[in-house]
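A look at the structure
Read off the chains here:
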Amino acid sequence: MRDFREALARLQSLRSKFERLLTSARGGPARSRLVPRATRSREVTGFGANPGNLRMFAYAPEHMPPKAALVIALHGCTQTSDEYDHGTGWSSLAGRLGFAVVYPQQQPANNPKNCFSWFLPGDSARGHGEALSIREMVEHAITTFAADRSKVFVTGFSAGGAMASVMLATYPEVFAGGALIAGLPYGSASNVQQAFEAMFTERKHAAQALGDPVRAASRHCGPWPKISVWHGTSDPIVNSSNSEDIIRQWTNVHGLSDRPSYQELIGSHMRRIWSDENGNALIEAFSISGMAHGVPLATTTGGETCGAAGAFFLDVGISSTHHIARWWRLHESLVEMPRSAGLVAPIQIPTDGGTFVIAGAAPEASHSSAEASLAEGEDRQTHHALDPNEVIAAAFKAAGLPVPEIPTARPGATPHVAPGPIIAAALKAAGVVPS
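Residues numbered from 1 in each chain as written. Predicted model: local features only at pLDDT ≥ 70, side-chain atom pairs only at ≥ 80, totals over all residues. Heavy atoms only, no water.

Here we look at the environment of His220
Going by this rule: Working definition: helices are DSSP H or I runs of at least four residues, strands are E runs of at least two. Numbering for both runs from the N terminus. In this description, contact between two residues means that some pair of their heavy atoms is separated by no more than 4.5 Å. Think of a polar contact as two N or O atoms within 3.5 Å of one another; within protein, one of them needs to be a possible hydrogen donor and the other a possible acceptor, and neighboring residues in sequence only count if both atoms come from side chains.
By the element assignment, His220 lies in the loop between α7 (207-216) and β7 (226-232). Leaving out residues up to four positions away in the same chain, His220 has contacts with Pro172 and Glu173. From its side chain, His220 meets the backbone oxygen of Pro223 in a polar contact 2.7 Å long.

Quick notes on the state of the cysteines
What counts is decided by this rule: The definition used for a disulfide is geometric: two cysteine sulfur atoms within 2.5 Å.
Evaluated as defined, the whole model comprises one disulfide. With a sulfur-sulfur separation of 2.0 Å, Cys77 is cross-linked through a disulfide to Cys115. With the S-S bond torsion at 125°, the cross-link from Cys77 to Cys115 turns out right-handed. Remark: Cys115 occurs in the loop between β4 (100-105) and α4 (129-145) and Cys77 occurs in the loop between β3 (70-74) and α2 (81-88); sequence separation between them is 38 residues.

What about α2?
Within an α-helix, residues lying three or four positions from one another point in the same direction, as the helix has 3.6 residues per turn. As a reminder, the rule being used: For each residue, the accessible area found with a 1.4 Å probe, counting protein chains only, is set against the maximum for its type, and the residue is called buried under 20%, exposed over 50%, and partly exposed in between.
With six of its eight residues buried, α2 lies for the most part within the structure. Those residues of α2 not exposed but buried are Ser81, Glu83, Tyr84, Asp85, Gly87 and Thr88. Gly89 occupies a position one or two residues after α2 and carries a positive phi of about 80°.

Regarding the sheet that holds strand β2 (residues 55-59)
Put simply, the test is: One bridge is not enough; two strands pair if DSSP finds at least two bridges between them. Lines are fitted to the C-alpha atoms to define the axes, a helix being fitted only along its stretch in contact, and any angle between axes, read from their N-to-C directions, falls within 0 to 180 degrees.
Taken together, the 10 strands give an open sheet; going across it, the order is β1-β2-β4-β3-β5-β6-β7-β10-β9-β8, and neighbouring strands pair in mixed fashion. Taken across any chain shown, the strands that pair with only one partner, and hence form the sheet edges, are β1 (42-44) and β8 (262-266). Each adjacent strand pair in this sheet contributes to an overall mean axis angle of 20°, direction not counted. Pairing between β2 and β4: five bridges, direction antiparallel. Following the sheet pairing, Tyr59 is matched in β4 by Val101.

Let's talk about the confidence of the model for the protein
In plain terms, the rule: pLDDT measures the predictor's confidence residue by residue and takes values from 0 up to 100.
For the protein, the average pLDDT comes to 82, and 74% of its residues sit at 70 or higher. Ignoring residues within four places in sequence, the model shows residues 29-36, a span with pLDDT below 50, making 15 contacts including any to other chains. Note on residues 335-386: pLDDT under 50 across the span, and 122 contacts to partners over four residues away in sequence or across chains.

Regarding the packing of α4 against helix α5 (residues 159-170)
To describe two helices that pack against each other, one gives the angle between their axes and the distance between the axes. In plain terms, the rule: Orientation labels follow simple angle bins: below 35 degrees gives roughly parallel, above 145 gives roughly antiparallel, 65 to 115 gives roughly perpendicular, and whatever is left gives oblique. Residues are grouped as follows: nonpolar covers Ala, Val, Leu, Ile, Met, Phe, Trp, Tyr, Cys and Pro; charged covers Asp, Glu, Lys and Arg; every other residue, Gly included, is treated as polar.
In contact at an axis separation of 10 Å, α4 and α5 are set at 75° when each is read in the N-to-C sense. It follows that α4 is roughly perpendicular to α5 by the angle criterion. Taking contact as the criterion, the partners of Glu130, Ala131, Ile134 and Arg135 in α4 are, on α5, Met163, Val166, Met167 and Thr170. Looking at the contact of α4 with α5 residue by residue, the classes come out as five nonpolar, one polar and two charged.

Here's the deal with the pairing of β3
With five of its five residues buried, β3 lies for the most part within the structure. Side-chain alternation along β3 places Leu70, Ile72 and Leu74 on one buried face and Val71 and Ala73 on a second face that is also buried. As judged from the three bridges shared by β3 and β4, these two strands associate in the parallel manner. Its bridge partner lying in β4, Ile72 is registered against Val102.

Some points on the environment of Leu97
Position of Leu97 among the secondary structure elements: in helix α3 (residues 90-97). Separated by 234 residues in sequence, Leu97 and His331 have C-alpha atoms that sit 6.0 Å apart.

Details of the packing of aromatic side chains
Rule in force here: Here is the rule: rings of Phe, Tyr and Trp (six-membered ring for Trp) pair when centre to centre is within 6.5 Å. Planes less than 30 degrees apart are stacked, more than 60 are edge-to-face, and the remainder are tilted.
Summed over all chains, the structure comprises 10 aromatic pairs. Their ring planes at 20° and their centres at 6.0 Å tell us that Trp90 and Trp328 sit as a pair that is stacked. Note that Trp90 is positioned in helix α3 and Trp328 in the loop between α9 (320-327) and β13 (344-350), a separation of 238 residues in sequence. Residues Trp90 and Trp328 agree in their burial class; the two are buried. Where Trp230 meets Phe286, the ring centres are 3.9 Å apart and the plane angle is 10°; that geometry is what we call stacked.

Quick look at the structure:
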């Protein structure tokens, strides 16, 4: 009886902590919901078996091309599908690029905080509960929107990110890729108390122990979905060690090294990439410096503007929605995604050692492992002191093009790009002016 009382007290303490943190992140009861707006998505009923008792909402552009992509977007605790759409901007981006989005929605009857039941065995196993309900939504959407079965993706935030882990593990043959924002690895909990412990506790599980539950969740033997992982370094609700466990889980499943093939700084945010032996980027991970529990947004940065800042939707100068779409190559079917005006495009320079120095950074999609390797222990920040003219001249030379005649900078002067010689060299290379 004493053990039972202690366990109950521990559970109550964890639940109270969770509720306090949720209330604080929302800004208090007065800001418990986002400002109402006209919704893009519409509810879909009769989508198939629904053992998890979920609701389905969907958005598809009026003139969506045939064989378009399909994105499944899973909201976090205390949220609705419409709030998640409004905050992330997925439907807005889908309207621009021509793909469909499905928003599964939890019901309070299942969970009073509207969290997906990612930790309950009856809802996180293939062919059962909420996982099967979402799978039925996917099948209905593929048929309804004539979507391409090879271009189905899943993303989610917090409990939605953990549920996205469930879908990637239990139905890996269905999804080409997944994006987990402040989520947890598959198999990290099987009851409420374990879920809270996994969220709040600093952990580091062995890669094999993390990969085995994914392999056991279905009969699939590969190929496996490509994964994008996002987490704030100051997240008080889901400990950022979970993102490292997600990485170890999927590098193990993919058979990749635990060391990244490539890394870069985008502003103050670290991005790492793991590629296979053929140079195909299969896993990326963003560590968002100083960010609390939320979806990373860039709501004021030129063409990267997407979504709406608010509780759990945090403007940190990088749009996870835009970047994830690029990582999944959703922009290629119609228009090229605009670059952020606030970011510098990466320039890769071969060195004598065979590695590459990266000057600048941008959240572009995949880099091959050969093009992306960095010298061991190299500090990414130090590259910003390079003279950009020297970098550009080296890039021209490596490509076999005429080298710009860059004037020598004064000692101690801040280097600036000299556009004249660069344009002249480019015109020579194009044959517009004589060499």
